[in-house]
Amino acid sequence: QVQLVESGGGLVQAGGSLRLSCAASGRTFSRYAMGWFRRASGQEREFVAGITWSGSFTDYADSVKGRFTISRNNAVNTVYLQMSSLKPEDSAIYCCAADARGYIRAKVSGDADTYNYWGQGTQVTVSS
């Protein structure tokens, strides 16, 4: 059983920064590819960023490329999303997700169906 718990969300002014954290339980975290997704009110879930099990490769949605950075520290079973230059359109509930088969994948997946485990989400609100 894998549990993912996000933290770090909150209210920030446009142009500001936040760092989200996702702490995972489970012995095989180091084998998981990890992703961040977000869902704005009334909108479809959107892939934000992903990272391979080794941390060697990352991928980002075009809308956040150059502003967000995903990273992981397998020693503490945590994945991070550093967000800078935040815009009001970044406001959403952000969820982390784990792909238990990520260790056999060459690249991260932007498809939510790829991921097996999901956190409860943390709210990010960016004001103008």
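Everything below is about the structure shown above.
Counting from 1, residues in each chain are numbered in the order their sequence is written. Note on the predicted model: pLDDT of at least 70 is required for a residue's local features to be given, and 80 or more for side-chain atom pairs to be given and counted; whole-chain, interface and lining totals, by contrast, use all residues. Note that water and hydrogens are dropped before the side-chain values are worked out from all heavy atoms of the structure.

**Q** What am I meant to see in the pattern of salt bridges here?
**A** When the charged atoms of two side chains lie near each other, side chains of opposite charge can form a pair. Throughout this description, the term salt bridge denotes a Lys or Arg side-chain nitrogen within 4 Å of a carboxyl oxygen of Asp or Glu. Per the stated rule, a full pass over the model turns up 5 salt bridges. Across the pair D90 and R38 runs a salt bridge, and its minimum N-O distance is 3.0 Å. In this pair, D90 is assigned in the loop between strand 8 (78-83) and strand 9 (92-99) and R38 in strand 4 (residues 33-39), connecting sequence segments 52 residues apart. Across this residue pair, the class does not change: D90 and R38 are buried. A single salt-bridge network, built from bridges that share partners, covers R38, E46, R67 and D90. The helix and strand labels rest on DSSP assignments: H or I over at least four residues marks a helix, E over at least two residues marks a strand, and numbering proceeds from the N terminus. Per-residue accessibility, obtained with a 1.4 Å probe over protein chains only, is compared with the maximum for each type, and a residue is labelled buried under 20%, exposed over 50%, and partly exposed between these values.

**Q** Is there a simple way to explain the state of the cysteines in this structure?
**A** In a disulfide, the sulfur atoms of two cysteines are held together by a covalent bond. Two cysteine sulfurs form a disulfide in these notes if their separation is within 2.5 Å. Taken as a whole and judged by the stated rule, the model has 1 disulfide. Here C22 engages in a disulfide with C96; their sulfurs sit 1.9 Å apart. One disulfide, between C22 and C96, carries an S-S torsion of 55° and so falls in the right-handed class. With C22 in strand 3 (residues 18-24) and C96 in strand 9, this residue pair connects regions lying 74 residues apart in the sequence. Its relative accessible area of 0% is what places C22 among the buried residues. The cysteine C95 is free of any disulfide, with C96 supplying the nearest cysteine sulfur at 7.5 Å. By relative accessible area, C95 is classed as buried at 17%.

**Q** Just checking my understanding: could you explain a nonpolar patch on the surface for this structure?
**A** Taken together, the side chains of W53, Y103 and I104 define a hydrophobic patch exposed on the protein surface, amounting to about 300 Å² of accessible area. Following the sequence through the fold, Y103 ends up in the loop between strand 9 and strand 10 (117-118). Two joining distances apply to patches: 9 Å for like charges and 5 Å for nonpolar side chains (Val, Leu, Ile, Met, Phe, Trp, Tyr), and every residue must have over 30% relative accessible area and no salt bridge. Computed by Shrake-Rupley with a 1.4 Å probe, the accessible areas treat only the displayed protein chains as cover when residues are assessed.

**Q** For this particular structure, what's the right way to read the side chain of T78?
**A** Mapped onto the fold, T78 is located in strand 8. On the basis of relative accessibility, which here comes to 10%, the residue T78 falls in the buried class. A distance of 2.8 Å separates a polar atom in the side chain of T78 from the backbone oxygen of V76. In what follows, a contact means two residues having at least one pair of non-hydrogen atoms within 4.5 Å. Setting aside residues up to four positions removed in sequence, T78 forms contacts with S21, C22, A23, F29, S71, R72 and N73. Polar contact is defined as a pair of N or O atoms within 3.5 Å, subject to the rule that within protein one atom must be able to donate a hydrogen and the other to accept it, and that residues adjacent in sequence are counted only when both atoms are side-chain atoms.

**Q** Help me out: how do you make sense of the nonpolar core in this one?
**A** Across soluble globular proteins, nonpolar side chains have a tendency to be buried as a group. Take the buried Ala, Val, Leu, Ile, Met, Phe, Trp, Tyr and Cys residues and link them wherever side-chain atoms come within 4.5 Å; each set so joined is a nonpolar core. One finds M34, W36, L81, M83 and Y94 to be the most contacted residues of the largest nonpolar core, which totals 29 residues. If you look at the next biggest cluster of nonpolar residues, it comprises 5 residues, including F37, F47, A97 and Y115.

**Q** Is there a simple way to think about the environment of A61 in this case?
**A** Mapped onto the elements, A61 comes out in the loop between strand 6 (58-60) and strand 7 (68-73). Look at A61 and you get buried, because its relative accessible area is 13%. Between the C-alpha atoms of A61 and L81, which are 20 residues apart in sequence, the distance is 13 Å. Contact partners of A61, with chain neighbours within four places excluded, come to F47 and V48.

**Q** Looking at this structure, I do not really get the packing of aromatic side chains. What am I missing?
**A** Aromatic ring pairs are defined here through the distance separating the ring centres and the angle between the ring planes. Pairing of aromatic side chains requires ring centres within 6.5 Å, counting the rings of Phe and Tyr and the six-membered ring of Trp. Pairs whose planes differ by under 30 degrees are stacked, by over 60 edge-to-face, and all others tilted. Using the criterion set out here, one finds 5 aromatic pairs in the structure. With a centroid separation of 6.3 Å and an interplanar angle of 70°, the aromatic rings of Y115 and W118 are classed as edge-to-face. Among the aromatic residues, ring-to-ring pairing joins F37, F47, Y115 and W118 into one connected group. As a reminder, the over-ring test applies to NZ of lysine and CZ of arginine, requiring each to be within 6 Å of the ring centre and within 35 degrees of the ring normal. For R45, the ring lying beneath its charged end belongs to W118, and the centroid distance is 4.6 Å. Here the basic side chain of R72 rests over the ring of F29, its NZ or CZ set 4.6 Å away from the ring centre.

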